[in-house]
Amino acid sequence: MTVPFVDLHAQYLTIKQEIDRAIAEVIAESAYIRGPHVDAFEEAWARALGVKRCVSCANGTDAIYIALRGLGLRPGDEVITSAHSWISTSETITQAGGRVLFCDTDEETFTIDPADIERKITSATVGIIPVHLYGQPADMGAIMAIANKHNLWVIEDCAQAHLAKYKGQVVGTFGNVATFSFYPGKNLGAYGDAGCAVTNDDRLADWMATFARHGGKGEHVMEGINSRMDGFQGAVLNVKLPYLAAWTKARQRIAAKYDELLEDVGDIRKPEVAAGREHVYHLYVIRAGKRDELWKHLTTAGIATVLNYPKALPFYPAYAYLGHVPEDFPAAYANQSRILSLPIYPELETEVINFVVGQIYNFQSESDGWTRRRQIARSS
C-alpha cells in the first residue's frame, strides 16, 4: 500500500462537476483577476466567520504583510510571534519594517506561550501575532488579556485553522485582524495560491483593500502592492466552502481514530488538545523519541509523512543575527526533533489509518521491544 500525505485529487473527484462548471464560468466571463467570483467569496467567507469584512489577496503571506502595514507598523517597532511556525509569520514582520521577537511555545499544544509573551514585552512592542498552529487555537483568552493590558494590537495567523474554535468562538474573530491562507493543501484550499485578511474594522479593511490593489485603481492614493486573488481561485473556493464543515468533521473523526489506536504505543505522544479548544487538524502531529528512524521506516513502507517544521524559526540561518540559543526556547527546541506529521485528509479511509498505525506498531516493536497491546482490527 502507498499512502500519500494528502490526496487533493480524491477531494476533487467528489465535487468534480461543480468545480468544472465554476472554472468554465470564469473562462466564459473572462473574470480572471478578482471579479464577481472573488467578490462572492469575500462575502461568503466573512459570513462563515461572523466578521464584517474580508479582503482577499494573492496568498496568506501577503495577507500578514498587508495587515502589518495596515496597522501602521513603523521601523523599529517590535512584534511578538511564535518560535514554532512557518517563516511567513516572522518574515513579514521584518519586510514591513518591524523587529521580530520570538516567543516559546506550550510543549503540548505547540501554540505560543502567553507567559513568555508577557516576559518579552518591551517599550518598543506594538503587537502580537499568535499562530493557531496545525489547526489548534492558541490561548486567545490569555493573549487578548495581555494585549489589552499593554495596549497591543493582535493579528491572528489562521493559515492552518479554518473554522477552529476557542471556547466556542471561531478563531480569526478575537484580534484586530486575522489572516488566512487558501494554499491548495489547507483545510479550505484553492487550486493555486490565495489568501485573505478579515476584520470588523471598516477603516482597516478599506486601507488593506486599497494597498493590495496598487494603492487604489484609477486614483492612486498611496503606493501599494499587487496582491489580488484571481477569479479561478475565488470560483473554486466558492464551490468548496459549503463542504468545509463536513470536511472538518471528517478530519476530527480521523484524528480521533489515530488517537484511539496510538494510545500507549511505546514513546509515541499523540496530539494534546487543550480544554476549550476545537482542533480542526490541518495536520496530525505526533512526537516520537526516535523520530528520524520512524520517519525512515514509514517512508520505506510507502507512507508519506512530513516534518512541520524541522527547525524552530530562531535557529534558521535567516535569524542567526538574533543570537538565540536552545535555552531561549526550550519547548520549541525540544519539539523540533520529535515532531512528525502523519497523513490526514477528509477522504482518508479507516483501512489506511490502520495500515499507518500498524507500521508504527511494527517500528516500536522492532526498535524498543514494545509489545502490541491490542490488534488494530479490534478497534476498526
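Rules of the game
- Residues numbered from 1 in each chain as written.
- Predicted model: local features only at pLDDT ≥ 70, side-chain atom pairs only at ≥ 80, totals over all residues.
- Heavy atoms only, no water.
- Phe/Tyr/Trp six-rings, centres within 6.5 Å; stacked < 30°, edge-to-face > 60°.
- Helix = DSSP H or I, 4+ residues; strand = E, 2+ residues; numbered from the N terminus.
- Buried < 20%, exposed > 50% of the residue type's maximum accessible area, 1.4 Å probe, protein only.
- Salt bridge = Lys/Arg side-chain N within 4 Å of Asp/Glu carboxyl O.
- pLDDT = per-residue confidence, 0-100.
- Contact = heavy atoms within 4.5 Å.
- Pairing = 2+ DSSP bridges.
- 1 Å grid on protein atoms, 1.4 Å probe; cavity = no way out; pocket = protein on both sides within 12 Å on 5 of 7 lines; lining within 4 Å.
- Points joined across faces, edges and corners; volume = space filled by probe spheres on them.
- Nonpolar A, V, L, I, M, F, W, Y, C, P; charged D, E, K, R; others polar.
- Axes fitted to C-alpha atoms, helices over the stretch in contact; angles between N-to-C directions.
- Parallel < 35°, antiparallel > 145°, perpendicular 65-115°, else oblique.
- Left-handed = near helix turned anticlockwise from the far one by under 90°.
- Polar contact = N/O pair within 3.5 Å; in protein donor to acceptor, adjacent residues only side chain to side chain.

### Points about the packing of aromatic side chains
Per the counting criterion, the structure on display carries 18 aromatic pairs. With 6.3 Å between their ring centres and 10 degrees between their planes, Phe41 and Trp45 make a pair best called stacked. Of the two residues, Phe41 and Trp45 are both situated in helix 3 (residues 36–49); the distance of 4 residues between them amounts to about one turn of the helix. The exposure class assigned to Trp45 is buried, which follows from its relative accessible area of 0%. Aromatic side chains Phe110 and Tyr134 sit 5.2 Å apart centroid to centroid with 70 degrees between the ring planes, which places their arrangement in the edge-to-face category. Note that Phe110 is positioned in the loop between strand 3 (99–103) and helix 6 (114–120) and Tyr134 in the loop between strand 4 (125–129) and helix 7 (140–150), a separation of 24 residues in sequence. Both residues of the pair, Phe110 and Tyr134, count as buried.

### Notes on the pattern of salt bridges
Following the criterion strictly, the structure yields 18 salt bridges and no others. Residue Asp77 is joined to Arg74 by a salt bridge in which the shortest nitrogen-to-oxygen separation is 3.6 Å. Of the residues examined, Asp77 reaches a relative accessible area of 9% and is grouped as buried. A relative accessible area of 54% places Arg74 in the exposed class. Across the pair Glu78 and Arg99 runs a salt bridge, and its minimum N-O distance is 2.8 Å. Of this pair, Glu78 sits in strand 2 (residues 78–82) while Arg99 sits in strand 3; the two residues are 21 residues apart in sequence, bridging distant segments of the chain. You can call Arg99 partly exposed: its relative accessible area is 40%.

### Some words on the confidence of the model for the protein chain
When pLDDT is averaged across the protein chain, the result is 96; 97% of the residues are at 70 or more. Scored below 50 in pLDDT, residues 374–380 shows 15 contacts in the model against residues more than four places distant or in partner chains.

### A look at the pairing of strand 11 (residues 284–287)
Here strand 11 shows a buried face lined by Tyr284 and Ile286 and a second buried face lined by Val285 and Arg287. When strand 11 meets strand 12 (residues 339–342), the two strands line up antiparallel, connected through 4 bridges. Along strand 12, the bridge assignment pairs Arg287 with Ile339.

### Brief notes about the layout of surface pockets
As a volume, the largest pocket reaches approximately 610 Å³. Forming the boundary of the largest pocket are 29 residues, of which Trp86, Gln160, Tyr183, Lys186 and Tyr309 lie nearest the centre. For the lining of the largest pocket, the elements supplying multiple residues, two or more each, are helix 4 (60–70), helix 5 (88–95) and strand 8 (177–181). Here the residues of the lining of the largest pocket are counted per class, giving 13 nonpolar, 12 polar and 4 charged.

### A closer look at the packing of helix 11 (residues 291–300) against helix 13 (residues 350–368)
Two elements in contact, helix 11 and helix 13, have axes whose closest approach is 10 Å; the angle formed by their N-to-C orientations is 130 degrees. Accordingly, the angle class assigned to the pair helix 11 and helix 13 is oblique. Our pair here, helix 11 against helix 13, has a crossing hand that is right-handed. Between helix 11 and helix 13, the residues in contact are Glu293, Leu294, His297 and Leu298 and Val356, Gln359, Ile360, Asn362, Phe363 and Glu366, respectively. Residue composition of the contact of helix 11 with helix 13, by class: 5 nonpolar, 3 polar and 2 charged.

### Thoughts on the environment of Phe102
Tracing the sequence through the fold places Phe102 in strand 3. We classify Phe102 as buried; its relative accessible area is 2%. When the C-alpha atoms of Phe102 and Phe329 are compared, they prove to be 8.6 Å apart, with 227 residues separating the residues in sequence. With residues near it in sequence (within four places) discarded, Phe102 still touches Thr81, Ser82, Ala83, Ser90, Lys120, Leu313, Pro314, Tyr319, Leu322, His324 and Phe329.

### Here we look at the sheet that holds strand 3
Sheet strands pair via backbone hydrogen bonds, and the direction of the pair is either parallel or antiparallel. Read across the sheet, 7 strands follow the order 1-9-8-5-4-2-3 without closing on themselves; strand pairing throughout is mixed. Here the strands that pair on one side only, and so sit at the sheet edges, are strand 1 (53–57) and strand 3. Taken pair by pair, the neighbouring strands of this sheet meet at an average axis angle of 25 degrees, ignoring direction. As paired strands, strand 2 and strand 4 are joined by 4 bridges and run parallel to one another. Counterpart to Glu78 in the pairing with strand 4 is Thr125. Lying on the sheet, helix 4 is in contact with strand 1, strand 4, strand 5 (153–157), strand 8 and strand 9 (195–199); it crosses strand 8 at an angle near 165 degrees. The sheet contacts of helix 7 involve strand 4 and strand 5, and relative to strand 5 the element is tilted by about 155 degrees.

### A short note on the side chain of Asn59
With respect to the element layout, Asn59 can be found in the loop between strand 1 and helix 4. The buried category is assigned to Asn59, whose relative accessible area is 17%. For Asn59, the side chain forms a polar contact with the main-chain nitrogen of Thr61, separated by 3.1 Å. Apart from the residues lying within four places of it in its own chain, the contact partners of Asn59 are Asp193, Ala194 and Gly195.

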